[in-house]
Amino acid sequence: MHILLPTISTTFIAISGILVAFGWYFIRSRQTEKHIKTMKWAAVCATIFFITYVSRTALVGNTLFGGPDSVRIFYQIFLLFHIVLATVGGVMGLVTLYYGYKRKYDKHKKIGPWTSVVWFATSITGVTVYTLLYLIYPGGETTGVLDVIFGW
């Protein structure tokens, strides 16, 4: 059970990243309707990720890095980078979706490509964190989110 929720949330963030890549392709090839549908599904998947992640954090806690001490500092720096990237990407995603829904296409077109790059990078770094935390190294104990981020 300790890996089930992280696997579900990581799957949804990976799908979201893939959908963003397809959405970008569709808009670049002027397939506007496909772009809109794909990006809506990307947002749905990102939302499911967020709900799953926040629920797990609130109800269960987060998993400490269980790998060797020689790797821990690199993991902590990478995790912090991922968290900042995800936060920025989430805010940018909301703004980009807002501009799209409000048909403020000039603003949407300016921020959209940047948002896509940030979100795609967020997806990749999220899958990397999952891989390091659960597949390459055994997960450590479950604890509070600040302990996990800063390795306390």
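Scroll up for the structure.
First things first, this report covers the structure right here in the doc. Only a predicted model underlies this, so the values are computations on that prediction, with no experimental measurement involved.

Here is what the cut-offs are and how they apply
Residues numbered from 1 in each chain as written. Predicted model: local features only at pLDDT ≥ 70, side-chain atom pairs only at ≥ 80, totals over all residues. Heavy atoms only, no water. Helix = DSSP H or I, 4+ residues; strand = E, 2+ residues; numbered from the N terminus. Expected span 1.5 Å × (residues − 1). Buried < 20%, exposed > 50% of the residue type's maximum accessible area, 1.4 Å probe, protein only. Contact = heavy atoms within 4.5 Å. Axes fitted to C-alpha atoms, helices over the stretch in contact; angles between N-to-C directions. Parallel < 35°, antiparallel > 145°, perpendicular 65-115°, else oblique. Left-handed = near helix turned anticlockwise from the far one by under 90°. Nonpolar A, V, L, I, M, F, W, Y, C, P; charged D, E, K, R; others polar. Salt bridge = Lys/Arg side-chain N within 4 Å of Asp/Glu carboxyl O.

1. Examining helix α3 (residues 69-101)
For step 1, the next point in the chain: Between its first and last C-alpha atoms α3 spans 47 Å; for 33 residues at 1.5 Å apiece the expected length is 48 Å, and the two agree.
For step 2, the next point in the chain: Those residues of α3 lying buried are Tyr75, Gln76, Leu79, His82, Leu85, Gly89, Met92, Gly93, Thr96 and Tyr99.
For step 3, the next point in the chain: Residues of α3 that are buried sit in contact with α4 (105-136) and α5 (145-150).
For step 4, the next point in the chain: Phi turns positive one or two residues past the end of α3, at Arg103, with a value near 60 degrees.

2. Details of the packing of helix α1 (residues 4-28) against α4
For step 1, the next point in the chain: Orientation of α1 relative to α4, taken along the N-to-C sense of each, is 150 degrees, at an axis distance of 9 Å. With respect to their mutual orientation, α1 and α4 come out roughly antiparallel. Crossing of α1 over α4 shows left-handed handedness. Along the contact surface, α1 presents Pro6, Thr7, Thr10, Ile13, Ala14, Ser16, Gly17, Val20, Ala21 and Trp24, while α4 presents Pro113, Ser116, Val117, Trp119, Phe120, Ser123, Gly126, Val127, Tyr130 and Tyr134.
For step 2, the next point in the chain: The residue makeup of the contact of α1 with α4, split by class, is 13 nonpolar, seven polar and no charged.

3. Quick notes on the pattern of salt bridges
For step 1, the next point in the chain: A complete count under the given rule lists one salt bridge for this structure.
For step 2, the next point in the chain: In this structure, the salt-bridge partner of Asp69 is Arg72, at a minimum N-O distance of 3.0 Å. Taken together, the residues span about one helical turn, with Asp69 and Arg72 both in helix α3 at a distance of three residues.
For step 3, the next point in the chain: What makes Asp69 exposed here is its relative accessible area of 60%.
For step 4, the next point in the chain: You can call Arg72 partly exposed: its relative accessible area is 25%.

4. Quick notes on the side chain of Ser123
For step 1, the next point in the chain: Relative to the elements of secondary structure, Ser123 occurs in helix α4.
For step 2, the next point in the chain: With a relative accessible area of 5%, Ser123 lands in the buried category.
For step 3, the next point in the chain: Sequence-distant contacts of Ser123, defined by excluding residues within four places in its chain, comprise Ile13, Ala14 and Gly17.

Bear in mind that shape data such as this cannot, by itself, settle questions of function.
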